[in-house]
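Spelled out from the first residue to the last, the chains are:
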Amino acid sequence: MSHSHETTAPEGGQKPHGGGEGQLRRALGVPSLVFFGLVYMVPLTVFTTYGIVTQVSGGRVPLAYVITLLAMVFTARSYAKMAHELPFAGSAYTYTQKSFGAGIGFVAGWALLLDYLFLPMINYLVIGIYLSAAFPMIPAWVFVLTAIALVTFLNVIGIVSVARANIVIIAAQAIFIITFACLGIASMSGTGTVDLAAPFTGDGSAPGFGNVMAGAAILCLSFLGFDAVSTLSEEAKDAKRTVPRAIVIATITGGLIYIVLSFLAQLVYPSNDFGDVDSGALDVMAAAGGEFLTIFFTAAYVAGACGSALTSQASVSRILFAMGRDGVLPTRFFGRLSPRFHTPILATLSVGVVSLLAIAVDLGFISEMVSFGALIAFSAVNLSVIKHFIIDGKRRGARAVLSFIVLPGIGFCLTLWLWTSLSPRTLLIGAIWLVLGIGYLAVVTRGFRRPTPMLDLAE
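Labelled according to an unreviewed UniProt entry, the protein chain appears under the name Amino acid transporter, originating from Brevibacterium marinum. Taken directly from UniProt, the Subcellular location (unreviewed entry) text for the protein chain runs: "Cell membrane".

Asks: So what's going on with the overall build of the protein chain? Residues and values would help.
Replies: When you go through the protein chain residue by residue, the secondary structure sums to 17 helices and two strands. Classification of the 459 residues of the protein chain by burial places 54% in the buried group.

Asks: Residues and numbers for unusual backbone geometry, please.
Replies: Phi at Arg 446 takes a positive value of approximately 55°, unusual for a residue other than glycine. As for its position among the elements, Arg 446 is in the loop between α17 (424-444) and β2 (454-456). For Phe 448, which is not glycine, the phi torsion reads 65° and is therefore positive. Here Phe 448 is to be found in the loop between α17 and β2.

Asks: I'd like a rundown of the pattern of salt bridges, residues and numbers included.
Replies: All told, the structure shown has two salt bridges when counted by the stated rule. A salt bridge links Arg 241 to Asp 238; the nearest nitrogen and oxygen atoms lie 3.0 Å apart. Put simply, Lys 387 and Asp 392 hold a salt bridge, and the shortest N to O gap is 3.0 Å. Using a relative accessible area of 19% as the deciding quantity, one classes Lys 387 as buried. Accessibility expressed as a relative area gives 38% for Asp 392, which makes it partly exposed.

Asks: Give a detailed account of the nonpolar core, specifying residues and quantitative values.
Replies: Formed by 125 residues in total, the largest nonpolar core has its most connected members in Phe 47, Tyr 79, Phe 176 and Phe 180. By residue number, the principal contributor to this core is helix α12 (residues 280-325), which donates 18 residues. Once residues within four sequence positions are removed from consideration, Tyr 79 is found in contact with Ser 91, Ala 92, Tyr 95, Phe 226, Asp 227, Ser 230, Ile 247, Ala 377, Phe 378 and Val 381.

Asks: Account for the packing of helix α1 (residues 30-41) against α12, naming residues and giving values.
Replies: Running from amino to carboxyl end, α1 crosses α12 at an angle of 115°, the nearest separation of the two axes being 7 Å. The two elements α1 and α12 cross, and the hand of that crossing is left-handed. Of α12, the residues touching α1 (which contributes Phe 36, Val 39 and Tyr 40) are Gly 304, Gly 307, Ser 308, Thr 311, Ser 312, Ala 314 and Ser 315.

Asks: Talk me through the packing of aromatic side chains; I want residue IDs and the actual numbers.
Replies: The tally for this structure, following the rule as stated, stands at 20 aromatic pairs. Note on Phe 200 and Phe 263: the rings are 5.8 Å apart at their centroids and 35° apart in plane angle, and the pair reads as tilted. Here the residue Phe 200 occupies a position in helix α8 (residues 198-201), and Phe 263 occupies one in helix α11 (residues 239-268), the gap between them amounting to 63 residues. With a centroid separation of 4.8 Å and 70° between ring planes, the pair formed by Phe 333 and Phe 334 is classed as edge-to-face. For Phe 334, a relative accessible area of 15% puts it in the buried group. One Lys or Arg, Lys 387, reaches over the ring of Phe 100 and ends 5.8 Å from the middle of that ring.

Asks: With reference to specific residues and values, describe the confidence of the model for the protein chain.
Replies: When pLDDT is averaged along the protein chain, the result is 80, and 89% of the positions lie at 70 or above. A low-confidence stretch, residues 1-21 (pLDDT under 50), is modelled with 45 contacts involving residues beyond four sequence positions or located in other chains.

Asks: Outline the packing of helix α5 (residues 102-134) against helix α6 (residues 140-157), supporting the account with residue identities and numerical values.
Replies: Where α5 meets α6, the closest approach of the two axes is 8 Å, and the angle between their N-to-C directions is 135°. As summarised for this structure, α5 and α6 are arranged oblique, according to the angle between their axes. Of the two elements, α5 crosses α6, and the hand of that crossing is right-handed. From α5, Tyr 124, Ile 127, Gly 128, Leu 131 and Ser 132 reach across to α6, where they touch Ala 140, Phe 143, Val 144, Ala 147, Ile 148 and Val 151. Its residues assigned to classes, the contact of α5 with α6 comprises nine nonpolar, two polar and no charged.

Asks: Hey, could you go over a nonpolar patch on the surface for me, with residue numbers and the actual values?
Replies: On the surface, a nonpolar cluster with roughly 450 Å² of combined accessible area is contributed by Trp 141, Leu 145, Val 353, Leu 356 and Ile 359. Here Leu 145 is to be found in helix α6. Residue Leu 145 is classed as partly exposed on the basis of its relative accessible area of 32%.

How each quantity is defined
Residue indices follow the written sequence of each chain, beginning from 1 at its first position. For this predicted model, a pLDDT threshold of at least 70 governs which residues receive local features, and a threshold of 80 or more governs which side-chain atom pairs are given and counted, while totals over whole chains, interfaces and linings are taken from all residues. Excluding hydrogens and water, the side-chain values take into account all heavy atoms of the structure. UniProt positions are given in the numbering used here, feature names are shortened, and annotations may be inferred rather than shown by experiment. To qualify as a helix, a DSSP run of H or I must reach at least 4 residues; to qualify as a strand, a run of E must reach at least 2; elements of each kind are numbered from the N terminus. Classification of residues uses two cut-offs on accessible area relative to the type maximum, computed with a 1.4 Å probe and protein chains only: under 20% is buried, over 50% is exposed, and between them is partly exposed. A pairing counts as a salt bridge when a side-chain nitrogen of Lys or Arg comes within 4 Å of a carboxyl oxygen of Asp or Glu. Side-chain atoms within 4.5 Å link the members of a nonpolar core, which is a set of buried Ala, Val, Leu, Ile, Met, Phe, Trp, Tyr and Cys residues. A contact between two residues is defined here by any heavy atoms of the two lying within 4.5 Å. For helices, the axis comes from a line fit to the C-alpha atoms of the stretch in contact; other axes are also lines fit to C-alpha atoms, and the angle between any two N-to-C directions lies between 0 and 180 degrees. Two helices cross in a left-handed way if the nearer one is turned anticlockwise from the farther one by less than a right angle. They cross in a right-handed way if the turn is clockwise. Planes of paired rings set the category: under 30 degrees apart is stacked, over 60 is edge-to-face and the rest tilted, where pairs are Phe, Tyr or Trp rings (Trp by its six-membered ring) whose centres lie within 6.5 Å. Two thresholds decide whether a charge sits over a ring: the Lys NZ or Arg CZ must be within 6 Å of the ring centre and within 35 degrees of the ring normal. For every residue, the predictor reports its confidence as pLDDT, a number between 0 and 100. For classification purposes, angles smaller than 35 degrees are called roughly parallel, those larger than 145 roughly antiparallel, those between 65 and 115 roughly perpendicular, and all remaining angles oblique. Only Asp, Glu, Lys and Arg are considered charged, only Ala, Val, Leu, Ile, Met, Phe, Trp, Tyr, Cys and Pro nonpolar, and every remaining residue, Gly among them, polar. Patches here are clusters of residues that have more than 30% relative accessible area and form no salt bridge, with a 9 Å joining cutoff for like charges and a 5 Å cutoff for nonpolar side chains (Val, Leu, Ile, Met, Phe, Trp, Tyr). The protein chains shown are the only cover counted for residues, whose accessible areas, like all others here, come from Shrake-Rupley with a 1.4 Å probe.

Dropping the structure here:
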């Protein structure tokens, strides 16, 4: 059964208008969307995996980030092209659904849920770990529950509140980055000769370009922010113009921040010998600014994790809203907007409930699920550009071949290569998740005898 985007009424049969129950409020411009993407990416996430990638790449983290940024720019461009054509909530789910049909769109959306459902949990876990270390008398689960409650409340009362909080969080991280850069440069000034090429040539511990590529594969999930921006298309002003611009700006800006920070870090601490590889960034902070910078880093990183939790929970609630609005998920629950706040309140609350698993699950397990879901989404969107513009849109000519075949094709090949870095455990669990999704779809369509519910995306 098809539902019109303009006339969908989750209940009561009345057409929404003027920001009513069935319509998201358009309130975000390019700056807010870029902030959303950058907060989601967390500029300080470069330090989260710093120790691991330093050892994997042989001291060439900045080079690994350059490779990852090049790969992500192609995929971000594909997201921008599809966001211009289809300025609706739903991200890869919506783009794949429109390009390949409701069934394949559902599979892409189901895989994307892994990414978005588990990413808030990562942030909640990190918040609990860092704050519990700073205040050992309080159990980590107390901080986890408090963070979940606060983030869920902010998302319920509206996207504008999230955008305002994002500005504060970005400002705090910007202050830390400037402080780190100043102290880091000052610490190097007294050490004599500094080898500026070392972060790109390596320390010899893991020679060969393959190790750099392995490090780049780990870093690809640092760039999930551009995907998050696309989920806010129905809350953006002039979405066909603002969302594509914000996607590209957030991707390039985030990538440059990662490259510069990792470059400075490896100059400050030119070693892969860490007290604890998982918290290798603390050795860098101690070398650059002692205890003061270590404490400042912890505070700034926790703030960044809160911001990432805010944006990731906002994103997944809107994906659930899009899937509920077209009837793939129960419409009366997921397809409703709050008459007062104009937000998908029940979808948002359900994400908060699922996030309670952060108290019990393993961080490594969550990270693997995020990797699997993100790469499916990236691959699907690159292929959607080719299908939508070349096969369906019948675009022809050398410019069309370059724009809608070659460039998204490169993006697809790069994401396909990243798949080769996934562990067998990840592929197995991801496959089980997809089987569960297909089984659910079989129930909804009564053994595939009925068509998959699909949203009519005509404006």
